[in-house]
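Observations on the three-dimensional arrangement
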Number of protein chains: 2
Amino acid sequence: MRLVHKYGGTSVGSLERIRATAQLIYADVQSGNEVAVVVSAMSGETNRLLTMAHDIDAAAPAREIDALVSTGEQVSAALLAIELNRLGIKSYSYNGRQAGFCTDASHARARIKDVKSEHLLAHMQAGEVPVVTGFQGADEQGNITTLGRGGSDTSAVALAIAVKADVCNIYTDVDGIYTTDPRIVPQAAKLESISYEEMLEFASLGAKVLQTRSVGLAMRFNMPIHLRSSFEDVAGTMVTGEDIAMERAEITGVAYNRDEAKVTIKGIPDQPGIAARILGPVADAGINVDVIVQNVSAQGFTDMTFTVPRNDYTETMALVQRLCADMKAEKVKGDDGVAKVSIIGVGMRSHAGVARKMFDVLSNENINIQMITTSEIKVTVVLDEKYVELAVRALHQAFDLDAAE
Amino acid sequence: MRLVHKYGGTSVGSLERIRATAQLIYADVQSGNEVAVVVSAMSGETNRLLTMAHDIDAAAPAREIDALVSTGEQVSAALLAIELNRLGIKSYSYNGRQAGFCTDASHARARIKDVKSEHLLAHMQAGEVPVVTGFQGADEQGNITTLGRGGSDTSAVALAIAVKADVCNIYTDVDGIYTTDPRIVPQAAKLESISYEEMLEFASLGAKVLQTRSVGLAMRFNMPIHLRSSFEDVAGTMVTGEDIAMERAEITGVAYNRDEAKVTIKGIPDQPGIAARILGPVADAGINVDVIVQNVSAQGFTDMTFTVPRNDYTETMALVQRLCADMKAEKVKGDDGVAKVSIIGVGMRSHAGVARKMFDVLSNENINIQMITTSEIKVTVVLDEKYVELAVRALHQAFDLDAAE
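Everything quoted here is computed from the prediction, not taken from an experiment.

A closer look at the overall build of chain A
Helices and strands together make up the secondary structure of chain A, namely eleven helices and 18 strands. Taking 2.2 N^0.38 as the reference for a compact globule, 405 residues should give roughly 22 Å; the C-alpha atoms of chain A span a radius of gyration of 23 Å, in line with that estimate. For the C-alpha atoms alone, the extent of chain A along its principal axes is close to 75 × 55 × 30 Å. Looking at chain A as a whole, 49% of its 405 residues qualify as buried. Within chain A, contacts between residues at least 6 apart in sequence are counted, and of these 74% link residues at least 24 apart.

Here is the structure:
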């Protein structure tokens, strides 16, 4: 098999962890696999570098920040290559430019345009292991770029696509995707497999195990991702495009996100384009609006509610209050104590049926639903944060997700 | 003026030092100069990285060590560029490959083949400051190479030659070259200027302020080096090819090196090629033989004495004892308590006269000379280490180097 392995910061965070990680790679190469590796910076290193830069200038140029932080992965890649050589496997470290990661020139959030990795493939086929720095590349002028936080997952998937790997193994400190958070529901079960679409929903709901972007890229090229633990050698969760709905329960899992806030604007004169006049400036400020609900209230007036990440609450409120004064809206209300709970599943045959069951379950628990939104494979409700655990447990049980004892 | 500034590890060793260094550069740019900067890694950083590598494998591949340690300069270059931008000067950091440093593929001791720095020159002419990582480049395949310890001086001189700078300013923690070590002779005077040849002799005698290789490169392209303090804005010592002998004393300075050892082989059968049969294997072992003296002793036999760095004494003795057993030499003697003292000067008109005066001075102090060697601009004696201070003081005074009080 041709494999790309990705290891995060904790997997290369100390010399002991580097040795353990190298052993995993060694075993795979000894078994006759062709292997390339993508690594993050040693845990803590990126923050150490950023702190130095920000101590000099909080508004340091993005180009220099990229040049600075890209050294973190270069260090871990070289150290891992040294250990692999010590074990008797020929191994070479490559930074983003050397590995052929061509990106656009958007520093700190560059997009990969191409991965020219034929030279890495030649090493893999010779039983040698290229160790590639995640999270980085170079633009056409050779300037160092980075893909943004968590970009190493995307690097790994992009490399796997470039070398036509059979699978992209993403090693992390969790051992897979669960039907819900085991800290809330001890009966939560590890999913053997999950579709790209479901994984995107889980990821966007704050399951921080895989970067959304990397899942989207894998989906586009149909590259299977095996999300697994770097601490124990057990199967994790396979993220694929294969039809896995056959014998599945209609719901795959229950996800939640506590870090939400809600902004409501009451009594806006109801005119075409009103949503854009409010949400446009919010998006321009870099604030990620999620659930949006709009209702007609009194004659000629409308109400609008939307959620934003809790970190952006204060900024959003200030911005919306200015906009509403201009538009002569009645009033603006906010609540920074809400949360989202979603049920997710490609097996969701009937949205209406699933949604009604969800509302019944929550109603039985006397949980008030503040907002509702649905997508093809997801139903999300916004509720008071204090109900999160109760809602997740009730839904997990009601949709038959509790593992058999 | 077009200037290349080189700053060592202490000049970028902390955020405070980076700010101070940036101020110096800022002042030079404000005065209308075109400036490029070469930096070393923050002091201690190269050792930190090497320790990690050696903790994994003491015999780590040179390619990976180069990839690893090259990050040290990338960090300091980016941080300095950030501070220069904060001060309002457009500045960009460049690693060795980005700056156009093309080297051969000899990792850890790469030689510069070419510096393609037209893009840096364009920045300089626009009033912008490229900050280039010292000590590194890339080979034809794009592998990262390093020039060896202290290679940043060589990087700076090479860049100065490439951009046709008027002078290469090497900032360090000493403020220039003195007629001798001021710790031994308080009357030692700072030299306003010194020739490349003299600087080479001082450098090879352990005046660790400038890498020998950088001086050789500057001499070949006639690039003036201004060796000066990064802690105070005073003129240092100019290293140039100009004729500076006009009104000079015949001797420029007195240098010494304590870290010497001496090996004597007695009663070797005197045959052609005997020196090569002994010194060849010593050189092959990477040991740097310096002063060599050979004498005929009894009929058909010869004696040979040579010096080596004290660190290599034990290895040299073991090696020479094996060789001499093969060659049936009479015996091998060693002494790891010797030192070299040299008088240096391009103004040295008559070697015989200068040498005789040197021997008289030492004789008057009852210092026994063990070995003598001369070059065009230097006379060196090997003596018991305990006489070093006495010899240096006596010679400094006798050759009229003591500064006027």
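Alright, that's what it looks like, and here's the rest.
Comments concerning the interface of chain A and chain B
Contact residues are listed per partner, giving 28 residues for chain A and 28 residues for chain B. Broken down by element, the residue count for the side of chain A that touches chain B peaks at 14 residues, all from helix 3 (residues 62-86) of chain A.

Description of the packing of helix 3 of chain A against helix 3 (residues 62-86) of chain B
Interhelical geometry of helix 3 of chain A versus helix 3 of chain B gives an angle of 165° and a closest axis separation of 8 Å. Here helix 3 of chain A lies roughly antiparallel to helix 3 of chain B, going by the angle between them. For the pair helix 3 of chain A and helix 3 of chain B, the crossing hand works out as left-handed. Between helix 3 of chain A, through Glu64(A), Ala67(A), Leu68(A), Thr71(A), Gln74(A), Val75(A), Ala78(A), Leu79(A), Ala81(A) and Ile82(A), and helix 3 of chain B, the contact on the second element is made entirely by Glu64(B), Ala67(B), Leu68(B), Thr71(B), Gln74(B), Val75(B), Ala78(B), Leu79(B), Ala81(B) and Ile82(B). Residue composition of the contact of helix 3 of chain A with helix 3 of chain B, grouped by class: 14 nonpolar, four polar and two charged.

Section: the pairing of strand 18 (residues 378-384) of chain B
Residues and elements named next belong to chain B. Of all seven residues that make up strand 18, six are buried, and the element is covered over most of its length. Taken together, the seven bridges between strand 16 (residues 331-344) and strand 18 define a ladder with antiparallel strand orientation. Looking at the pairing, Ile-343 lines up with Val-379 of strand 18. Bridge analysis of strand 17 (residues 369-375) against strand 18 gives six bridges, and the strand direction is antiparallel. Residue pairing across strands places Met-371 opposite Val-382, the latter belonging to strand 18.

Remarks on the relation of the copies chain A and chain B
In screw terms, the move from chain A to chain B is a rotation of 180° and a rise of 0.1 Å along the axis, fitting with an RMSD of 0.2 Å. The superposition operator between the copies reduces to a two-fold rotation axis. Within chain A, Thr71(A) has its C-alpha nearest the rotation axis, a separation of 2.8 Å. Interface overlap between copies: 100% of the residues of chain A at the interface are likewise at the interface in chain B, consistent with a symmetric, same-surface contact.

Notes on the packing of helix 5 (residues 151-162) of chain A against helix 7 (residues 212-221) of chain A
Residues and elements named next belong to chain A. Running from N to C, helix 5 and helix 7 point in directions that differ by 15°, and their axes come no closer than 8 Å. Taken together, helix 5 and helix 7 sit at an angle that is classed as roughly parallel. Taken as a pair, helix 5 and helix 7 cross one another with a handedness that is left-handed. Contact residues: Asp-153, Thr-154, Val-157, Ala-158 and Ile-161 in helix 5; Arg-213, Ser-214, Leu-217, Ala-218 and Phe-221 in helix 7. Of the residues belonging to the contact of helix 5 with helix 7, the class tally is six nonpolar, two polar and two charged.

Focus: the sheet that holds strand 16 of chain B
Residue and element names in this part refer to chain B. Taken in spatial order, the six strands line up as 14-15-13-16-18-17 in an open sheet, and their pairing is antiparallel. Every other strand in the sheet has two partners, leaving strand 14 (292-296) and strand 17 as the edge strands with one partner each. Each adjacent strand pair in this sheet contributes to an overall mean axis angle of 25°, direction not counted. Across the sheet, helix 8 (residues 274-284) is in contact with strand 13 (253-269), strand 14 and strand 15 (301-309); its angle to strand 15 comes to roughly 25°.

Quick notes on helix 9 (residues 313-327) of chain B
Look at helix 9 of chain B: 21 Å from first C-alpha to last across 15 residues, which is about the 21 Å you get at 1.5 Å a residue. At the C-terminal side of helix 9 of chain B, Lys328(B) shows a positive phi close to 55°.

Quick notes on the sheet that holds strand 2 (residues 34-39) of chain A
Residue and element names in this part refer to chain A. The strand order across the open sheet formed by eight strands is 3-6-2-1-9-11-12-10, and the pairing between neighbours is mixed. Every interior strand has two partners, whereas the edge strands, strand 3 (91-94) and strand 10 (193-195), have only one. On average, adjacent strands in this sheet sit at an angle of 20° to one another, irrespective of strand direction. Direction of pairing for strand 10 relative to strand 12 (residues 237-240): parallel, over a ladder of three bridges.

Considerations on the environment of Tyr94(B)
All names here are of chain B. With respect to the helices and strands, Tyr-94 occurs in strand 3 (residues 91-94). The sequence separation of Tyr-94 and Gly-134 amounts to 40 residues, and the corresponding C-alpha distance is 9.7 Å. Beyond its immediate sequence surroundings of up to four residues, Tyr-94 is in contact with Ala-99, Leu-120, Pro-130, Val-132 and Thr-133.

Some thoughts on helix 6 (residues 196-204) of chain A
Residues and elements named next belong to chain A. Across the nine residues that make up helix 6, a large majority, seven, are buried. For helix 6, every residue scored as buried is listed here: Tyr-196, Glu-198, Met-199, Leu-200, Glu-201, Phe-202 and Ala-203. Taken together, the buried residues of helix 6 touch strand 10, helix 7, strand 12, strand 13 (253-269), strand 16 (331-344) and strand 18 (378-384).

Concerning unusual backbone geometry
Residues and elements named next belong to chain A. The phi dihedral of Ala-108 is positive, around 75°, even though this residue is not glycine. Topologically, Ala-108 is positioned in the loop between strand 4 (101-103) and strand 5 (112-115). You will see that Asn-222, though not glycine, has its phi angle at about 55°, which is positive. Its place among the elements puts Asn-222 in the loop between helix 7 and strand 11 (225-229). The exposure class of Asn-222 is exposed, given the 11 C-beta atoms found within 10 Å.

Some thoughts on the confidence of the model for chain A
Residue-level pLDDT values for chain A average 89, and 96% of them are 70 or greater. Reported for the predicted complex are a pTM of 0.82 and an ipTM of 0.80.

Focus on the environment of Leu50(A)
Within the secondary structure layout, Leu50(A) lies in helix 2 (residues 45-56). For the pair Leu50(A) and Ala60(A), spaced ten residues apart in the sequence, the C-alpha separation amounts to 9.9 Å.

Focus on the environment of Ser363(A)
Considering the arrangement of structural elements, one finds Ser363(A) in helix 10 (residues 351-364). Here Ser363(A) falls in the exposed class, since 11 other C-beta atoms lie within 10 Å of it.

Analysis parameters
Residues numbered from 1 in each chain as written. Chains lettered and ligands numbered in written order. Predicted model: local features only at pLDDT ≥ 70, side-chain atom pairs only at ≥ 80, totals over all residues. Helix = DSSP H or I, 4+ residues; strand = E, 2+ residues; numbered from the N terminus. Rg over C-alpha atoms; globule rule 2.2 N^0.38 Å. Buried ≥ 20, exposed ≤ 12 C-beta atoms within 10 Å, placed from the backbone. Contact = placed C-beta atoms within 7 Å. Axes fitted to C-alpha atoms, helices over the stretch in contact; angles between N-to-C directions. Parallel < 35°, antiparallel > 145°, perpendicular 65-115°, else oblique. Left-handed = near helix turned anticlockwise from the far one by under 90°. Nonpolar A, V, L, I, M, F, W, Y, C, P; charged D, E, K, R; others polar. Pairing = 2+ DSSP bridges. Least-squares fit on C-alpha atoms with pLDDT ≥ 70 in both. Expected span 1.5 Å × (residues − 1). pLDDT = per-residue confidence, 0-100.

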